[in-house]
Amino acid sequence: MHNKNTQILSSEEHDLDQAATLLLAGQLVAFPTETVYGLGADARQGQAVAAVYEAKGRPSFNPLIAHLPSIDAAQRYVQWSAQAQTLADAFWPGPLTLVLPLRQDHGISPLVTAGLDTLAVRIPAHPTAHKLLALVDGPVAAPSANPSGRISPTTAAHVSAGLNGRIAAIVDDGACGVGLESTIVGLATPQPILLRPGGLAAEEIEAVLGHPLMQRDAHDALTAPGQLLSHYAPNEQVRLNAMQAKAGELMLGFGAMACDLNLSEAGDLAEAAANLFGHLHQLDALNKPIAVAPVPTHGLGVAINDRLHRAAAPRD
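None of these values were measured; they are calculated from a predicted model.

Some details on the domain arrangement of the protein
- Domains assigned within the protein are domain 1 (7–215) and domain 2 (238–312).
- The straight-line distance from the C-alpha centre of domain 1 to that of domain 2 is 29 Å.
- Residue-level contacts link 13 residues of domain 1 with 14 residues of domain 2.
- For the pairing of domain 1 and domain 2, the buried interface totals around 1,100 Å² over both sides, and the portion due to carbon and sulfur atoms is 68%.

This is the structure in structure tokens:
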């Protein structure tokens, strides 16, 4: 995945056209938002999203935020609601992310949602981000553009220091008007819930809604970026590092082998990461125990194994 050298693009129109072309071709492009620089990938392309985790060395598949140019664009992917409209009218574009149920025909890679049936959406206020997203005219998944665990980047130089050679391009438009990351509000439940505090005060959101936000219990299942991972577990038992299925089991393969579904026949970890949640959902629907072939524990394999270990963990 290593590019020889990451291109630095300006915020001029011809450079933004090139950035949009790269994103639509499945390449990674960092770009400024009003909070921090984001590392963008087309949210409809599983292997592009997997490459984000790979470039960041992000240890687990957390849900990602889909950045969009307009409310109309957001409505193509999520089930819109009156509360969503109220908050969008008040705070978009801006540092507010809304988590809403996915539409049936959404086309979003399950890696973006970490296998959940909700999507986090945001319209950033940064003019350059806005222009780029309008050119892509689709959802761009973008966590902060830095190696995992390092300080969030607020200039193109920060991005380059951490990711040069690992991504296709960086759109340089100076320093971000540094803020915290966006505030995340969940609207997939009857009562709006604060899923992550951020750059927009909860009090401002509550004033617009006319009632308090519910607070997340630390023990709740995880439903948004910036929280730990949700415990995604299929209905039946999951057996790891299996060389073949036992009677009554379904086989999830990796590499060239006999199986019911294969994460990657070629043994490509980015492809396996892109397929992981979708394949688990497909096998889970058949209501049989799942045996999983060994997946190497380097690169993206670390995150894949982390997810599989959670799926296989003993149930309460």
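Remarks on the pairing of strand 5 (residues 96–101)
- The buried fraction of strand 5 is high, at five of six residues.
- Bridge count between strand 5 and strand 9 (residues 183–186): four bridges; the pairing is parallel. Bridging across to strand 9, L96 finds its partner in T183.
- Summarising the sheet, strand 5 and strand 6 (residues 118–122) pair through four bridges and their orientation is antiparallel.

Things to note about the packing of helix 1 (residues 13–24) against helix 6 (residues 127–136)
- Their axes nearest at 9 Å, the elements helix 1 and helix 6 cross at an angle of 50°. The orientation of helix 1 relative to helix 6 falls into the category oblique. Where helix 1 crosses over helix 6, the handedness of that crossing is right-handed. Across from L16, D17, A19, A20, L23 and L24 in helix 1, the residues of helix 6 making contact are T128, K131, L132, L135 and V136.

Observations concerning the UniProt feature "binding site: ATP" (unreviewed entry) in the protein
- Feature annotation in UniProt places "binding site: ATP" (unreviewed entry) on R58, N62, T118, S144, S152, R196 and Y232, given in this structure's numbering.
- Mapping T118 onto the fold places it in strand 6.

So, the nonpolar core
- In terms of nonpolar packing, the biggest core is built from 63 residues, with F61 and L98 touching the most fellow members.
- If one sorts the elements of this core by residue count, helix 9 (residues 269–284) sits on top with eight residues.
- Built from parts of two domains, this core gets at least three residues from each of domain 1 (7–215) and domain 2 (238–312).
- Counting residues in hydrophobic clusters, the runner-up holds 17 residues, among them F31, A129, V140 and A169.

Remarks on the environment of D42
- Looking at the secondary structure, you find D42 in strand 3 (residues 37–42).
- As for D42 and V29, which are separated by 13 residues in sequence, their C-alpha atoms are 9.7 Å apart.
- When residues no more than four places from it in sequence are discounted, the contact partners of D42 are L23, L24, A48, V49 and P139.
- Engagement of the side chain of D42 in a polar contact is seen with the backbone nitrogen of R44, the distance being 2.9 Å.

Here's the deal with the pattern of salt bridges
- Tallied over the entire structure, the rule returns five salt bridges.
- Taking the shortest distance from any N to any O, the salt bridge between R44 and D42 comes out at 3.0 Å.
- Residue R239 is joined to E249 by a salt bridge in which the shortest nitrogen-to-oxygen separation is 2.8 Å. Separated by 10 residues along the polypeptide, R239 in strand 12 (residues 238–239) and E249 in the loop between strand 12 and strand 13 (250–253) bring together distant segments of the chain.

Re the sheet that holds strand 3
- Ordered by their spatial adjacency, 11 strands build an open sheet running 1-8-2-3-7-4-6-5-9-10-11, and the pairing between neighbours is mixed. Only two strands of the sheet have a single neighbouring strand rather than two, namely strand 1 (7–9) and strand 11 (214–215).
- Bridge count for strand 2 (residues 29–32) against strand 3 is four bridges, and the pairing is antiparallel. What sits directly across from V29, in strand 3, is G40.

Brief notes about the sheet that holds strand 15 (residues 290–292)
- Here four strands make up an open sheet; going across it, the order is 12-15-13-14 and the pairing parallel. The sheet terminates laterally at strand 12 and strand 14 (261–262), the two strands that pair on one side only.
- The pairing of strand 12 with strand 15 spans two bridges and is classified as parallel. Within strand 15, the residue paired with R239 across the bridge is A291.

Thresholds, definitions, all that
Residues numbered from 1 in each chain as written. Predicted model: local features only at pLDDT ≥ 70, side-chain atom pairs only at ≥ 80, totals over all residues. Heavy atoms only, no water. Domains from an automatic or database assignment. Contact = heavy atoms within 4.5 Å. Buried area = accessible area lost by both parts, 1.4 Å probe. Buried < 20%, exposed > 50% of the residue type's maximum accessible area, 1.4 Å probe, protein only. Helix = DSSP H or I, 4+ residues; strand = E, 2+ residues; numbered from the N terminus. Pairing = 2+ DSSP bridges. Axes fitted to C-alpha atoms, helices over the stretch in contact; angles between N-to-C directions. Parallel < 35°, antiparallel > 145°, perpendicular 65-115°, else oblique. Left-handed = near helix turned anticlockwise from the far one by under 90°. UniProt positions renumbered as here; feature names shortened; annotations may be inferred. Core = buried A, V, L, I, M, F, W, Y, C linked by side-chain atoms within 4.5 Å. Polar contact = N/O pair within 3.5 Å; in protein donor to acceptor, adjacent residues only side chain to side chain. Salt bridge = Lys/Arg side-chain N within 4 Å of Asp/Glu carboxyl O.

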